[in-house]
Structure formats: structure tokens, C-alpha cells
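Read off the chains here:
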Amino acid sequence: MKKVLLHNKGWAFIYVFSAFLVTLLNIVNTIILQQLLNKASVGDTNEIKELIISGVILCVVWALITLLSWTLKETYKSKSFLILRKSYISNLLSSKYSDITNLDSSTHISALTNNIEILNQNFFLPILSIFDNIFMIVLSFAAVLWISPLVTLIMCALTLFMAIIPALLKKTMDKANFAYSKSLQCFTEKLKETLLGIEVIKTNNAEQSFYDQNAENSKDIMKKQNKVAYITNTIGASSSLVNNILVTGLVGVAAFLVSDNKLEIGSTIAVMNLSMRFLGGWMSLVNQVVLVSSTRSVRKQLEPYLKMDSKKELKIKNDFEKDIRFSNVGFKYKSNSEKAILKSINLDLKANKKYLILGKSGSGKSTLLKLISKLEDGYTGNIEMDDRNYNELSSDNIGELISLAQQKCYLFKTSLKNNIDLNGTNDEKQLQYAVEAAQLDEFILQQPQGLDTLVDEEVNQVSGGEKLRINLARALYRNTPILLLDEITSAVDKITSQKIEDAILKIQGKTVINVCHKFDISTLSMYDEIIILENGCIVAQGTYDDLKDNLILLNYQGKNEQ
């Protein structure tokens, strides 16, 4: 959080300086008024005219600097909000895949909308206001001390009472803010579920049930919001009460001093004005400190995604030349640490070879691909690429060498072309090749604007098989030396599946690792190696000639032909 603050320190410094000038001019203006009233009591007209002219000029300068100060504060607010969001999104996207998927997406949506707004209003802006109040307290104190040391002493003694009530309610405010944040998160989660599951809701006639759930969450938000407002107002009202009592006390003291001719009338008004500024500054300072402290829970929740630390330097690898080697590799997902998904995997995947991986659902095929693409880590054993330990290579670097086309495909709300060319490289020749190899030609010809046709995940105008082929086209378009395929023909017809598999196997100079359960028997001999997984273990491995009489492979062939 400190580094986020420092990132915006330039605007903050300019604002703080302008705020100091505004406060200083306010105090000087009060002194001019004091002098004006004192001179009026003795009838010094010449000095009165000079003081009036000085006061008017001062007011104009004060207005201009105040406008500048407000503008700077709004700029700081906007930039802080932007920095918070950019920092969160940057850290989110650079986080490990497993860390991101451990949290529901609505948690991140709520953080980016609700929690960051809470931080902006109750943390970053109050920090600026703290400087305003400090300037007001210090300069008012100095001015009152110059006019009347006795009033200053009494004023300081009375201000100790002002911090009592806000300090007592600090923890309560923190809890209320955290509860409000969680309530907003629950609402976001349920709203997301409602929008994404609208088809299920409609077909099950469950509209009323989901309406009631969303309405209940809305009521809870209002309840939590009202509690935060109630505590805030209680602090404000209590502080104002104490402030008014103290001001009344100071007015009484000043009245006695005037009656004893120990204080001039102009000085009395100036002391009252400055004392109110001093006490108001203290009251506001305490409230702002309470606000900043009350965001502790929210800050703690966001902190992992707001860090701006430099990342660990990892070795860079620009090509793939030799192999990817698994040595006694085991893996368990954090969400189910009791079950081993992979057990003692020993595997040597050579460059420019074609591999077919077979296995029942849950045998560990997809997990193996996730380890190769470094979407998952936390494995036991050792994985190497060209004799370099995977732990020494960054995920971004691995991503430059590997393309993974998964069964699960997400379509972004943009054109078909942009859904395939996600990085915007605009290589038309490579795009055409990817479209043809993925058997998307006919589908694109049917679209009103061809590759420029807008698609959307939530509109559902694209079938499951077409989505899989778009996913394959994405992977082929990137033209990386390693291509990982995870059941990419599972939702297409047999003829299309055969065409896709044939196109992939004809690719030269690329390592292909194909996980599937639907395959063309005639292509088995075209794979350099077939690997069969069962219960997380390799139970058969070799060329088609090595395995063609193996009962395990024959069993898979029989199921595929059914």
C-alpha cells in the first residue's frame, strides 16, 4: 500500500504544498481582520484602507489557490483509483494460474469495484486531508500563541477531550467497513451467478427464488451501509458536540479577558476564529485518522494484489531444442490434497516429435499438460526443459514456447479475428493457415462479416465444437515450437476430427502432445509415441508397433470404434 502511495507522490506533494498555502492565507486573512478591527477602534483610517486593499488581494489569491488545490485533489483521487486498479489487474494477471483460480471471479470483481472505491474514499483521500488538518492545527496554534498565550494554553488543554469518542469507535468502524465490503462481495457473487445461469433459471422456473436471494443481498448491503453511516455520523456528531462546548468555553474565557482589558476586541474575534479553526482541525484530524484505520481489514484483503515489488529474476529461454523431461513427478491439487493426480511420472518428450496421450477421465492427462505449460506447479520430483529446471524458468517465458488448446474455451466480446489473434500481431498468412488447419473455413464463410463478425461468450451464437476449433486456431496461430492439445476434437464430428488430426500430424518442426479419447485408428502409426495413463501412472508407452498387440491399447481402440 505504501508503494502505491509513493507511486502517486508527485501529485500528492503538489497538493500538500497548495493546501499549506491555502491554510496560511486563511490565517493571514484572520490576522488582517484582527488588525482591521483594532485600527477601527482607534479611528486610523489610512491603515484601514491599506488593510482592506490587502484583504481583497489576499482573498483573490486565496480563491485561485483554493481552486488549484481542489483540482489537484480530484486529480490525485482519479490517479489513485487508476493506479489501484492497474496495480490490482497487473498483479492478478501475473499471478500463478492456480492462485487466481483458487478464488471465485466475483471476489476479484468486487475488489476492483467496491473495495478499491472504499480505499479511495476512506484511505487515500483522508490521508491528504490529514495534511490539511495538520497545517490548520499548527498555523492556528502559532497565530493564537502570538495573540494570547493564555488562551493558547486553555485551548490545548480542552482539545484532549476531542479524541476520546472517535478513538472508542475505531474498532467498531473497522468491523463495520469490513462487513460492508463482504456484503458487497456476496451481492456481486449472486448477481454473477444469476446472469451466467439465466438459462438454467428460466428452464427451471426459478426466477422468484433468485429474485428473493438478490433482494435479500441488496437489503443486507443497505443494512451494512447504514451501520457504517451511523457510526460515521455518531463520530461526527459527538465531535461536533465536544467542539461546540469547547468553543463556548473559549468564548467565555475571551469575554473575561476583554472585560479586564487584557484583550482587544479585534484580537478577541481573531482568537475565536483561530480557535475554531484549531479545534475544527483537531476534530477533522481525529475523524480522518479513524477513517484510515477503519480500512485495515479491506487493505489486508487487497494487499496481495496491490504489491509492486520487483519480481524474482528468472532465466530466459528463447528456444526449445532437446526435450522436456519428467523425473519421478507427482502432483496433488491444493483443493484436494489427499488425492494424488499424478504418481511417479518418468517421461522424456523429445523436440519435434508427435505424442498421443490416452487415458480415462481423471487419469491425469490434462494435469500433465498443465504442468508442461506451467499453469500448475507445486509438484514433487523434477521437470526440465533442455536440462534447465522448470523452477528456474518464468511462466511468461514458458508461455512464449508453448501453446495450449484446451477443451474449455472462452470467447471474448470482439471479432472472430481478434479472438484468434489475441496479441494483435496481424499476421494474415498465419491467420489463414490456423483457420484452415482448425477446419474453421466453412463456419467463417457462414458469418455475416466473416472474420470481422462480433462474437460473445454470453450470447451463445457459437456451438461447442466451433468454440473448440477457435481455441485450436488460437494455438496454431501463435506458431510456438510446442503445441499441447487437450481433447480439442471431443465436440466435433468424426470426419472433422480426422481432418484436424491429420493437419496437426503433418505439421513439421513442432512438438505436438495430443490428449484425446476420439482418434482416428489409421493415424496411430503417425505418432512417434503413444502414452497411456491410468490413475495417475503411465501403464503403457511406446510406438504403435510396440503397443498394437497391447491389451490396454486394444481396449481404447475398441471403445473409440463404438
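Everything that follows concerns the structure shown earlier in this document.
## Looking at the packing of helix α15 (residues 428-437) against helix α17 (residues 464-478)
Then step 1. Relative to each other, α15 and α17 sit at 140°, their axes nearing to 8 Å. Compared by their axis directions, α15 and α17 come out oblique. In this structure, α15 meets α17 at a crossing whose hand is right-handed. Across from Gln-430, Leu-431, Tyr-433, Ala-434 and Ala-437 in α15, the residues of α17 making contact are Ala-473, Leu-476 and Tyr-477.

## Focus: the sheet that holds strand β3 (residues 354-359)
Then step 1. Here 6 strands make up an open sheet; going across it, the order is β6-β9-β10-β3-β11-β12 and the pairing mixed. At either end of the open sheet lies a strand with only one pairing partner, and these are β6 (402-405) and β12 (537-542). Averaged over neighbouring strand pairs, the angle between their axes works out to 15° when direction is ignored.
Then step 2. Taken together, the 4 bridges between β3 and strand β10 (residues 511-515) define a ladder with parallel strand orientation. Looking at the pairing, Tyr-355 lines up with Ile-513 of β10.
Then step 3. Helix α12 (residues 365-372) rests against β3, β6, β9 (482-486), β10 and β11 (529-534) of the sheet, and its axis sits at about 155° to β9.

## Concerning the sheet that holds strand β1 (residues 323-331)
Then step 1. Strand order in the open sheet formed by 4 strands is β2-β1-β4-β5, and the pairing between neighbours is antiparallel. On the outer flanks of this sheet lie β2 (342-350) and β5 (388-389), each paired with one strand and no other.
Then step 2. The pairing of strand β4 (residues 380-385) with β5 spans 2 bridges and is antiparallel. In the strand pairing of β5, Glu-384 is matched with Asn-389.
Then step 3. Across the sheet, α12 lies against β1, β2 and β4, angled at about 125° from β1, the strand it touches most.

## Looking at unusual backbone geometry
Then step 1. One non-glycine residue with positive phi stands out, namely Asn-352, at about 65°.
Then step 2. Mapping Asn-352 onto the fold places it in the loop between β2 and β3.
Then step 3. Its identity as a non-glycine residue notwithstanding, Lys-374 has a phi of 65°, on the positive side.
Then step 4. You can see Lys-374 is positioned in the loop between α12 and β4.

## Quick word on the packing of helix α3 (residues 45-94) against helix α5 (residues 105-147)
Then step 1. Remark: α3 packs on α5, axes separated minimally by 10 Å, with the N-to-C direction vectors making an angle of 140°. When the axis of α3 is compared with that of α5, the two are oblique. In terms of crossing hand, the pair formed by α3 and α5 is right-handed.
Then step 2. Class assignment of the residues belonging to the contact of α3 with α5 gives a composition of 13 nonpolar, 6 polar and 5 charged.

Here is what the cut-offs are and how they apply
Residues numbered from 1 in each chain as written. Predicted model: local features only at pLDDT ≥ 70, side-chain atom pairs only at ≥ 80, totals over all residues. Heavy atoms only, no water. Axes fitted to C-alpha atoms, helices over the stretch in contact; angles between N-to-C directions. Helix = DSSP H or I, 4+ residues; strand = E, 2+ residues; numbered from the N terminus. Parallel < 35°, antiparallel > 145°, perpendicular 65-115°, else oblique. Left-handed = near helix turned anticlockwise from the far one by under 90°. Contact = heavy atoms within 4.5 Å. Pairing = 2+ DSSP bridges. Nonpolar A, V, L, I, M, F, W, Y, C, P; charged D, E, K, R; others polar.

By themselves, these observations are geometric and do not establish any function.
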